Amino acid sequence: MGSGAGVFVLAVFFFYVLLMGPFCVLIGSRTSSGMGWLMSVPLVFLPLAWLVALAIP
């Protein structure tokens, strides 16, 4: 990936995390902190796991 595509993908992931973070905080404040954490783990880290899985040849 010497074309700089990795930098673009990381920028998109960072923007996604910036959008999902406040959403999970909102859910946690309306229900319980446990529910906020329960939603944040798959919403934030599942796309990162897919990215890593696709990068492994």
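One can find the structure itself at the top, above this paragraph.
### Points about the side chain of Ser40
In step 1: Looking at where Ser40 falls in the secondary structure, it is placed in helix 2 (residues 33–55).
In step 2: The class for Ser40 is buried, based on a relative accessible area of 13%.
In step 3: A distance of 3.0 Å separates the side chain of Ser40 from the backbone oxygen of Trp37, its partner in a polar contact.
In step 4: What Ser40 contacts, discounting residues up to four positions off in sequence, is Cys24 and Phe45.

### Some points on the environment of Leu10
In step 1: By secondary structure assignment, the location of Leu10 is in helix 1 (residues 5–30).
In step 2: Under the relative-accessibility criterion, Leu10 is labelled exposed at 52%.
In step 3: For the pair Leu10 and Leu26, spaced 16 residues apart in sequence, the C-alpha separation works out to 25 Å.

### Here's the deal with a nonpolar patch on the surface
In step 1: On the surface, Trp37, Val41 and Phe45 cluster together into a nonpolar patch covering about 380 Å² of accessible area.
In step 2: Tracing the backbone through its elements, the reader meets Phe45 in helix 2.

### A look at helix 2
In step 1: In this model helix 2 runs 33 Å from its N-terminal to its C-terminal C-alpha over 23 residues, within 8% of the 33 Å that 1.5 Å per residue would give.
In step 2: Where helix 2 bends most, the angle comes to about 35°, and this point is Phe45, followed within four residues by the proline Pro47.
In step 3: Turning to helix 2, its buried residues number three or more, namely Gly36, Ser40 and Val44.

### Some points on the packing of helix 1 against helix 2
In step 1: Running from N to C, helix 1 and helix 2 point in directions that differ by 165°, and their axes come no closer than 8 Å. Classified by the angle their axes make, helix 1 and helix 2 are roughly antiparallel. For the crossing formed where helix 1 meets helix 2, the hand is right-handed. The residues of helix 2 that touch helix 1, namely those facing Val9, Phe13, Tyr16, Val17, Met20, Phe23, Cys24, Ile27 and Gly28, are Ser33, Met35, Gly36, Met39, Ser40, Leu43, Val44, Pro47, Leu48 and Leu51.

### A look at helix 1
Structurally, the α-helix is built with 3.6 residues per turn, so residues lying three or four positions apart point the same way.
In step 1: Look at helix 1: 38 Å from first C-alpha to last across 26 residues, which is about the 38 Å you get at 1.5 Å a residue.
In step 2: Restricting attention to buried positions, one finds in helix 1 the residues Gly6, Phe13, Met20, Cys24, Ile27 and Gly28.

Reading guide: rules and limits
Residues numbered from 1 in each chain as written. Predicted model: local features only at pLDDT ≥ 70, side-chain atom pairs only at ≥ 80, totals over all residues. Heavy atoms only, no water. Helix = DSSP H or I, 4+ residues; strand = E, 2+ residues; numbered from the N terminus. Buried < 20%, exposed > 50% of the residue type's maximum accessible area, 1.4 Å probe, protein only. Polar contact = N/O pair within 3.5 Å; in protein donor to acceptor, adjacent residues only side chain to side chain. Contact = heavy atoms within 4.5 Å. Patch = residues over 30% accessible without salt bridge, like charges linked within 9 Å, V, L, I, M, F, W, Y side chains within 5 Å. Areas by Shrake-Rupley, 256 points an atom, 1.4 Å probe, with all protein chains shown as cover. Salt bridge = Lys/Arg side-chain N within 4 Å of Asp/Glu carboxyl O. Expected span 1.5 Å × (residues − 1). Bend = angle between axes of the 7 residues up to and from the residue. Axes fitted to C-alpha atoms, helices over the stretch in contact; angles between N-to-C directions. Parallel < 35°, antiparallel > 145°, perpendicular 65-115°, else oblique. Left-handed = near helix turned anticlockwise from the far one by under 90°.

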